[in-house]
2 protein chains.
Amino acid sequence: MSDYRNSKQRLRIIEILKSTEVHPTADWIYEKLKKDFPNLSLGTVYRNLNILVETGQVDRLEFGKTFDRFEAKIDKHYHFICESCGTVIDLDIDRQIDNKLEEAVKNNTKLKIKTHKVQFYGICEKCLKNK
Amino acid sequence: MSDYRNSKQRLRIIEILKSTEVHPTADWIYEKLKKDFPNLSLGTVYRNLNILVETGQVDRLEFGKTFDRFEAKIDKHYHFICESCGTVIDLDIDRQIDNKLEEAVKNNTKLKIKTHKVQFYGICEKCLKNK
DNA sequence: CTGGATGCAAAGGGTTTGCACGTTT
DNA sequence: AAACGTGCAAACCCTTTGCATCCAG
């Protein structure tokens, strides 16, 4: 890993992220940052966000890879995603815990909650063997 | 909503999805289906997948919209996504239930589980008022 | 001074869409 | 026959990347 310097743009990006609750997109940050750096380029925002995620200062909210995946198993279940090979595996759920999970949040907020999804991340059996 | 017919391509897509556990990408399905329909186009696969998702025959595995979102709040928490306006809201977690959730899965599989994420979906307060 | 960072623009990669033709009902 | 579905290719959209220049250490 290379050494990262403290560019003004990067520092401002962290500031912006720490001062908002809107979970911005890269473009939102770009628009906001443009006021400070009129010549700012979107590429700079993306490069810095990637660095900030890499160094653990920022979290990226995403599911799996950039492309969608599909399944015909319609009943409720969780998913496990292997961080090594990308495989997605269905997981049975413990209904009792699952219900408690949703109840705990429902009773604690004014949001109208319809459903929830859970993903587990780690290494699958196959990849465990191959390392 | 329009009436959907039973095109051969669409029927095969459901068949394929029901017969596999790999949670395929659109492209994976395209490659597989090409054996039956040599002139198949990727657009057809995408169109049909969207129809199947719309009619509830297939689930799409994704998180939020197509673009990533970022946050500087690094500590563990859940997210709520408003299905109406796309807003993402941080949710506190009940550590006890959260731990039980991870334990339940860990004890029930040979996968090496490192972490998990939970998202809740529904309608936010603002959108509830505006309807 | 040296290597990382930036701006700009082009390229990438997954997904959507307009159009003319083919198929289902 | 009418309306939906398909193939093809172009268009889209978000993100990445090559390159010359700029700037932090």
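The structure presented is a predicted model; accordingly, all values stated were derived computationally and were not measured.

A. Structural context of the relation of the copies chain A and chain B. Once chain A is rotated about the relating axis by 180° and shifted along it by 0.0 Å, it coincides with chain B to within an RMSD of 0.1 Å. The transformation just described matches what one would write down for a two-fold rotation axis. The overlap is high: 100% of the interface residues of chain A also sit at the interface in chain B, so the same surface is used on both sides.

B. Representation of the nonpolar core in the model. A:Phe80, A:Leu101, A:Phe120, B:Phe80, B:Leu101 and B:Phe120 are the most contacted members of the largest nonpolar core, which has 30 residues in total. Only β3 (78-82), α4 (95-106) and β5 (112-123) of chain A together with β3 (78-82), α4 (95-106) and β5 (112-123) of chain B provide two or more residues apiece to this core. Beyond its immediate stretch of four places on either side in the chain, A:Phe80 contacts A:Thr87, A:Val88, A:Ile89, A:Leu91, A:Phe120, A:Tyr121, A:Gly122, A:Ile123, A:Cys124, B:Leu111, B:Lys112 and B:Ile113.

C. Layout of unusual backbone geometry. All names here are of chain A. Positive phi values are uncommon outside glycine, yet His23 reaches one of about 50°. Structurally, the position occupied by His23 is in the loop between α1 (8-18) and α2 (26-33). You can call His23 buried: its relative accessible area is 2%.

D. The arrangement of the protein's contact with DNA strand C in detail. Around DNA strand C sit 22 residues in total, of which A:Arg5, A:Arg10, A:Thr44, B:Arg5 and B:Tyr46 are the nearest. Counting only the atoms of DNA strand C within 4 Å of the protein, the fraction contributed by sugar and phosphate is 70%. In this structure, A:Ser7 approaches DNA strand C through a side-chain N or O atom, which is 2.9 Å from a phosphate oxygen. The separation between a base nitrogen of DNA strand C and a polar side-chain atom of A:Arg47 is 3.0 Å. Mapped by element, the contributors of at least two residues to the surface near DNA strand C are α1 and α3 (42-54) of chain A together with α3 (42-54) of chain B. Per element, the largest residue contribution to the surface near DNA strand C is 5 residues, and it comes from α3(B).

Definitions and cut-offs
Residues numbered from 1 in each chain as written. Chains lettered and ligands numbered in written order. Predicted model: local features only at pLDDT ≥ 70, side-chain atom pairs only at ≥ 80, totals over all residues. Heavy atoms only, no water. Least-squares fit on C-alpha atoms with pLDDT ≥ 70 in both. Contact = heavy atoms within 4.5 Å. Core = buried A, V, L, I, M, F, W, Y, C linked by side-chain atoms within 4.5 Å. Buried < 20%, exposed > 50% of the residue type's maximum accessible area, 1.4 Å probe, protein only. Helix = DSSP H or I, 4+ residues; strand = E, 2+ residues; numbered from the N terminus. Near = heavy atom within 4 Å. Polar contact = N/O pair within 3.5 Å; in protein donor to acceptor, adjacent residues only side chain to side chain.

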